[in-house]
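# Structural description and commentary
Each chain is listed here by its residues.
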Amino acid sequence: MAAENKMVSIYIMGKQYEVPYGVTIMKAMEYAGYRFIRGCGCRGGFCGACGTVYRKPDSFRLKVGLACATMVEDGMHLTQIPFYPANRASYKLEELSPSLGTLLQHYPEVTRCLGCNQCTRICPQELSVMDYIAAAQRGDIEKTAHQSFDCIMCGLCASRCPAEIVQYNVGILARRLYGRHIAPRAAHLAERVGEIKAGKFNDELSRLMQMSKEELQRRYEARDIEQ
Amino acid sequence: MYTAEMLSLIETVERTREKRLKEAFPRLSAAEKTNILQSYHPDHMKDSMRPVKVGPNAGEKMPHELVDVLESRSMIDVDGLALENIDYDVDVLVIGGGGAGTAAALLAAERGATVLLATKLRHGDANTMMAEGGIQAATKENDSPAIHYLDTMGGGGFQNIPQLVNALVQDAPICIQWLERLGCMFSKDPDGTLNTIHGGGTSRKRMHFAHDYTGAEIMRTLRDEARNRGIKVVEFSPAVELIKDDQGQCAGAVLYNLETEQYLIVRAKTVIIATGGSGRLHINDSPTTNHYGATADGLVMAYRAGAKLIYLDATQFHPTGVAFPEQIVGQLVTEKVRGLGAQLVNIDGEQFIYPLETRDVVSSAIFRECRERQKGIPVPSGYGVWLDSPMIEMLHGKGTIEKELPAMFRQFMRFGINMAEKPILVYPTLHYQNGGILINEDAESEIPNLYVAGEASGGVHGRNRLMGNSLLDIIVFGRRAGKNAAEKAKTVKLGKLTLEHTKSFNKELEQQGLGQRVAPILLPDYRGKISK
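Residue numbers restart at each chain and count upward from 1, following the sequence in its written direction. Chains carry letters and ligands carry numbers; both start at the beginning, A for chains and 1 for ligands, and go up in the order they are written. Reporting in this predicted model follows two pLDDT cut-offs: at least 70 for local features of residues, and 80 or more for side-chain atom pairs to be given and counted; totals over whole chains, interfaces and linings ignore these cut-offs and use all residues. To get the side-chain values, take all heavy atoms of the structure and skip hydrogens and water.

Let us look at the overall build of chain B. Check the secondary structure of chain B and you find 16 helices and 21 strands. Computed over its C-alpha atoms, the radius of gyration of chain B comes to 23 Å, within 12% of the 24 Å expected for a compact globule of 532 residues. Principal-axis analysis of the C-alpha atoms places the extent of chain B at approximately 70 × 55 × 45 Å. The contact definition used throughout considers only heavy atoms, calling two residues in contact when any of these lie within 4.5 Å. A separation threshold of at least 6 residues defines the contact pool for chain B, and within that pool the share at least 24 residues apart is 74%. Counting every atom, chain B has about 16700 Å² of accessible surface; 47% of that belongs to carbon and sulfur. One finds the centroid of the 59 positive side-chain charges in chain B at a distance of 1 Å from the centroid of its 65 negative side-chain charges. Counting from the N terminus, the helices are the DSSP runs of H or I reaching at least four residues and the strands are the DSSP runs of E reaching at least two. Our radius of gyration is a C-alpha quantity, and the globule rule it is checked against amounts to 2.2 Å times the number of residues to the power 0.38. Note that accessible areas follow from Shrake-Rupley with a 1.4 Å probe, and for residues the cover is restricted to the protein chains shown. Only four residue types enter the charge count, namely Lys and Arg as positive and Asp and Glu as negative; His and the chain termini do not. Note that the charge is assigned to NZ on lysines, CZ on arginines, CG on aspartates and CD on glutamates.

Attention now moves to the nonpolar core. By convention a nonpolar core is built from buried Ala, Val, Leu, Ile, Met, Phe, Trp, Tyr and Cys residues, the set being connected through side-chain atoms within 4.5 Å. Relative accessible area decides the class of each residue, using a 1.4 Å probe on protein chains only: under 20% of the type maximum gives buried, over 50% gives exposed, and in between gives partly exposed. Ranked by size, the top nonpolar core spans 115 residues in total, and within it Val92(B), Leu93(B), Leu242(B) and Phe477(B) carry the most contacts. The residues contacting Phe477(B), other than those within four sequence positions of it, are Leu164(B), Ala167(B), Leu168(B), Ile439(B), Asn440(B), Glu441(B), Ala443(B), Ala453(B) and Val460(B). Counting residues in hydrophobic clusters, the runner-up holds 46 residues, among them Ala49(A), Val110(A), Val129(A) and Ile165(A).

This next bit is on the packing of aromatic side chains. What counts as a ring pair is set by centres within 6.5 Å for rings of Phe, Tyr and Trp (its six-membered ring), and what kind of pair is set by the plane angle: stacked under 30 degrees, edge-to-face over 60, tilted for all other angles. Taken as a whole, this structure holds nine aromatic pairs over all chains when the rule is applied. Summarising the aromatic geometry, the rings of Tyr303(B) and Phe505(B) are spaced 6.2 Å apart at their centres and angled 75° between planes, so their arrangement reads as edge-to-face. With Tyr303(B) in helix α9 (residues 297-304) and Phe505(B) in helix α16 (residues 500-511), this pair connects stretches of sequence that are 202 residues apart. Residue Tyr303(B) is classed as buried on the basis of its relative accessible area, which comes to 0%. Site record: aromatic cluster; members linked through ring pairs are Phe46(A), Phe149(A) and Tyr213(B). For the cation-ring pair, Arg220(B) lies above Phe149(A), with the distance from its terminal atom to the ring centre recorded as 4.9 Å. Placement of a positive charge over a ring is assigned whenever Lys NZ or Arg CZ falls within 6 Å of the ring centre and within 35 degrees of the normal to the ring plane. Lying across the ring of Phe209(B), Lys336(B) places its NZ or CZ 3.8 Å from the centre.

Time to look at helix α7 (residues 162-181) of chain B. All names here are of chain B. An ideal rise of 1.5 Å per residue puts 28 Å on 20 residues; α7 measures up with 29 Å between its terminal C-alpha atoms. Bending is quantified residue by residue as the angle between axes fitted to the seven-residue window ending at that residue and the seven-residue window starting at it. Considering bend angle alone, the principal kink of α7 is centred on alanine 172 and spans about 45°; proline proline 173 follows within four residues of it. Burial analysis of α7 places 17 of its 20 residues in the buried class, the great majority of the element. Phi for glycine 183, located one or two positions after α7, is positive at around 95°. Each residue after the first adds 1.5 Å to the expected span of a helix.

On to the interface of chain A and chain B. With 75 residues of chain A at the contact, the number on the chain B side is 94 residues. Between chain A and chain B the total buried area reaches about 7700 Å² when both faces are included, carbon and sulfur atoms providing 56% of it. For this document, the term salt bridge refers to a Lys or Arg side-chain nitrogen within 4 Å of an Asp or Glu carboxyl oxygen. Put simply, chain A and chain B have seven salt bridges between them. Across the salt bridge formed by Glu225(B) and Arg176(A), the nearest N and O atoms sit 2.6 Å from each other. Here a polar contact means two N or O atoms within 3.5 Å. Within protein one must be a hydrogen donor candidate and the other an acceptor candidate, and residues neighboring in sequence count only if both atoms are side-chain atoms. The interface formed by chain A and chain B contains 42 residue pairs in polar contact (both at pLDDT 80 or more). Taken together, the elements giving at least two residues each to the side of chain A that touches chain B come down to α1 (25-31), α5 (141-147), α7 (167-182), α8 (187-197), α9 (202-210) and α10 (213-222) of chain A. Here the side of chain A that touches chain B takes seven residues from α8(A), the largest share from any one element. Across the side of chain A that touches chain B, the residue classes tally to 41 nonpolar, 14 polar and 20 charged. Two parts placed together each lose some accessible area under a 1.4 Å probe, and adding up what both lose gives the buried area. Each residue is assigned to one of three groups, with Ala, Val, Leu, Ile, Met, Phe, Trp, Tyr, Cys and Pro labelled nonpolar, Asp, Glu, Lys and Arg labelled charged, and all others, Gly among them, labelled polar.

All names here are of chain B. The criterion for strand pairing is that DSSP finds at least two bridges linking the strands in question. With antiparallel pairing, the three strands of this open sheet are ordered in space as β5-β7-β6. Among the strands making up the open sheet, the edge pair consists of β5 (135-136) and β6 (196-197). For β6 and strand β7 (residues 207-208), the ladder comprises two bridges, and the chain directions are antiparallel. Within the sheet, the bridge partner assigned to isoleucine 197 lies in β7 and is methionine 207.

Another point: the packing of α9(A) against helix α6 (residues 145-155) of chain B. The axes are straight lines fitted to the C-alpha atoms, using for helices just the contacting stretch, and the angles between their N-to-C directions are given from 0 to 180°. The contact between α9(A) and α6(B) brings their axes to 9 Å, and the two run at 20°. For the element pair α9(A) / α6(B), the angle class is roughly parallel. As α9(A) runs across α6(B), the sense of the crossing is right-handed. Contacts between α9(A) and α6(B) involve Glu204(A), Leu205(A), Leu208(A) and Met209(A) from the former and Pro145(B), Ala146(B) and Tyr149(B) from the latter. Tallied by class, the residues present in the contact of α9(A) with α6(B) amount to six nonpolar, no polar and one charged. Angle categories are assigned with fixed cut-offs, so that under 35 degrees is roughly parallel, over 145 is roughly antiparallel, 65 to 115 is roughly perpendicular, and the rest are oblique. Handedness of a helix crossing follows the sense of rotation of the near helix relative to the far helix, less than a right angle counterclockwise being left-handed and clockwise being right-handed.

So, about the domain arrangement of chain A. Interfaces are frequently sized by the accessible area removed from exposure as the parts join. Residues and elements named next belong to chain A. An automatic or database domain assignment provides the domain bounds reported here. Taken domain by domain, chain A holds domain 1 (2-80) and domain 2 (93-182). Computed from C-alpha atoms alone, the centre-to-centre distance between domain 1 and domain 2 is 29 Å. Taken together, the contact between domain 1 and domain 2 spans twelve residues of the former and nine residues of the latter. Across the domain 1-domain 2 interface, the total number found is zero salt bridges. There are zero residue pairs in polar contact (both at pLDDT 80 or more) connecting domain 1 and domain 2. Of all the secondary-structure elements, those providing two or more residues to the side of domain 1 that touches domain 2 are β3 (51-55) and β4 (63-66).

Residue and element names in this part refer to chain A. By definition, no residue in a patch forms a salt bridge, and every one has over 30% relative accessible area; like charges are joined within 9 Å, nonpolar side chains (Val, Leu, Ile, Met, Phe, Trp, Tyr) within 5 Å. Together, Arg55, Arg61, Lys63, Arg121 and Arg160 make up a positively charged patch on the protein surface. Position of arginine 61 among the secondary structure elements: in the loop between β3 and β4. A residue is classified by how much of its surface remains accessible, and arginine 61, at 39% relative accessible area, is partly exposed.

Okay, the pattern of salt bridges next. Two side chains with opposite charge may pair up if their charged atoms get near one another. For the coordinates displayed, the defined rule picks out 49 salt bridges over all chains. Residue Lys200(A) is joined to Glu195(A) by a salt bridge in which the shortest nitrogen-to-oxygen separation is 3.4 Å. Relative accessible area serves as the criterion here: at 53%, Lys200(A) is assigned to the exposed category. The salt bridge involving Glu71(B) is made with Arg50(B); its shortest N-O contact spans 3.4 Å. Taken together, the residues span a long stretch of sequence, with Glu71(B) in the loop between α3 (64-70) and β3 (88-95) and Arg50(B) in strand β1 (residues 49-51) at a distance of 21 residues. Look at Glu71(B) and you get buried, because its relative accessible area is 6%.

Next up, the structure:
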């Protein structure tokens, strides 16, 4: 590390450890001797396995972050929340209509939102969670889908919600409704699938499959490249 | 967060940017490519590999770290474990809860099979989740599966298995349509036309994407669908050994519950290995883009059971891993950044490689630029080169990065670097296992009733995979494996379960004086150190 010699004190579930300054919470916990089973996944900010809550000595605020993307600070008290119970509706996507009724039928609790904005404040992806829940309450599936798109489903929003909403599950239902029922279908894709099923490319591919390496290489070098 | 020295070096990059915007760096000839690969790619470094001494590939060279796990003994007490106490009795066992495994489980269930999906971490903790840039498919009018075939073969050094590539490119549009119908939010124009861009080594713009969360969008959609269909999933329970029957067929697996430390016996008529790759073995001591569980478990188990491996001496280093800030060194900077027009630039503000050569070639060029030519930019972990991301805003308009590369933007902003305004520092990082367990186009291994899909398999990508062919691979071969395993299960008659193959492998190890280590290692061990 750049500042290898500087160490800081952190408190993992109340227990003090000395760890190098400037590393992420995840790497610091490993340095301190932890070998994760839960609370560690992609290690790169995509999977939502390592939601962490912490407090610092200079503030009463409860802070959150992903352990893989948040740096340790001196005096930090932390714990991971690798799992938080959540209800999830089950559905047959193809049979649903993209409507307010569908959202309310599967997640009636969205109407209980108090507008406290804790979900938005806690979101490590800095999404406007409360806004997309408000959009869901209005049946604006497109907006819910787009505003929740960067959600990594870490569950921190649900852990703080006084109305007991599981925001990230509302988000994925909206996104799938949008992707399946609202977003326009790709006509060129359907056409190509039809061509493939009709065997249009079979002959050409058979020829390529039987070609010598030299002949393939010659064609490869000579192929035109779309600008 | 950049140091004062770095900020002054960035001025050089900014000075040459206007000129470079109009400058097309020439592509390398075939001979130049061969030359640069042989001189700089880690696959060609003699001291990075040794021959494996036991098993179906005995005598073949592979990276030390892979040989170490292949020459390890089982963690199970093979004489003490009672195989008759069956915990799960199913038609199809899927090992691995990433994209390939989940696609396989969905298709197997659709065919009426009872399915169990066992996974080491949570369902969806996989490299699929981290794949950012896109998925290839020849869906546009100016493109065809045949052109996709040619690009893929060229990228793989013409050593890909033709039947596998044929399956890959012909199934590709069908898979995109399947995902579209499952509600995947691919980036589209208002008329429904799918947005596509180039990837390294593509001759048509066929990289489909969902911003730069493409893999995450696919993974969470498949996982959600698996939950809707009620597919049984056991998490935190990796398979540690395959079970065969007395006729030599694959017949299940031993799982290990990481939390309760108990073994569980699964009897299955067919088994699908979808355990992914091996980045967390840190081949060549390299940092990696891979998720926490990428430890080659499937290779180890299948090898012991007698499956042949292919092209494991070909390792993909992604050209653009993060080189700075230090906290996220080795993490992925998606190829989409270059696909959108960012150039690679040295300390003097000059281009040194066409940015969309194949990954093996671009990585080698960066190694050369830093090592031989000494034109890298010093960073705490060694060297980096500039990836001139602000060019994207100049080419496509202000705000493009935040819109098209939200994950990348967020990743750097967390450390105070705005990649829309300043270039970023990158260096090659361990990314992908090009080879794996040999399969045919039905996703079958050489062991009866054992199927393999995704990164754990080998042959489809030859010696170097193209960007966007991996998300495609997991869907194409995941679906094929699931469908075929379910069909096969209808006719399978299993005999007595046995671990004789494990016993004889242990014996073979003993004869060679090997087997001091235990594998699969399941998780890397970073205790007491700062991980890469």
